[in-house]
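This is what each chain is made of:
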Amino acid sequence: MISVTRLNGEEITINADLIEFIEARPDTVITLTTGHRVMAKESVSQIIKRVVAYERAIRIGHWRGKRRRVWSHAAAGDTEV
């Protein structure tokens, strides 16, 4: 799961495994495999960094705890939001 910010400033969490593609038109549009679309303030590259950080954490075993963690911009190493 990753956190993104909608254009109205609301932070939401989306399932990174359901991202089909991300477009910049000029706002960032995330299209999910479910057909839902989310417009986000973050750039395409920022979202990709978050997805990569999330996937890395899963693959190296940091996802073992009973509580799930949400990967936000801080976890992905983003400095700009």
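Preceding this section is the structure that the text describes.
Since this is a predicted model, take the numbers as computed values, not measurements.

This part is about unusual backbone geometry. Across the junction of Arg25 and Pro26, the peptide omega takes the value -15°, indicating a cis bond. Looking at the element boundaries, Pro26 is found in the loop between β3 (19-24) and β4 (28-32).

This part is about the side chain of Thr5. In this structure, Thr5 sits in strand β1 (residues 2-5). Overall, the relative accessible area of 10% leaves Thr5 in the buried class. A distance of 2.9 Å separates a polar atom in the side chain of Thr5 from a polar atom in the side chain of Glu42.

By the element assignment, Thr13 lies in strand β2 (residues 11-14). C-alpha of Thr13 to C-alpha of Ile2: the two residues are eleven residues apart in sequence and 5.4 Å apart in space.

As a further point, take the pattern of salt bridges. Inspection of the entire model under this criterion finds four salt bridges. Between Arg6 and Glu10 there is a salt bridge; the shortest N-O distance is 3.7 Å. By relative accessible area, Arg6 is classed as partly exposed at 34%. Arg25 is the partner of Glu23 in a salt bridge, and the nearest nitrogen-oxygen pair spans 3.0 Å.

Here is what the cut-offs are and how they apply
- Residues numbered from 1 in each chain as written.
- Predicted model: local features only at pLDDT ≥ 70, side-chain atom pairs only at ≥ 80, totals over all residues.
- Heavy atoms only, no water.
- Helix = DSSP H or I, 4+ residues; strand = E, 2+ residues; numbered from the N terminus.
- Buried < 20%, exposed > 50% of the residue type's maximum accessible area, 1.4 Å probe, protein only.
- Polar contact = N/O pair within 3.5 Å; in protein donor to acceptor, adjacent residues only side chain to side chain.
- Salt bridge = Lys/Arg side-chain N within 4 Å of Asp/Glu carboxyl O.

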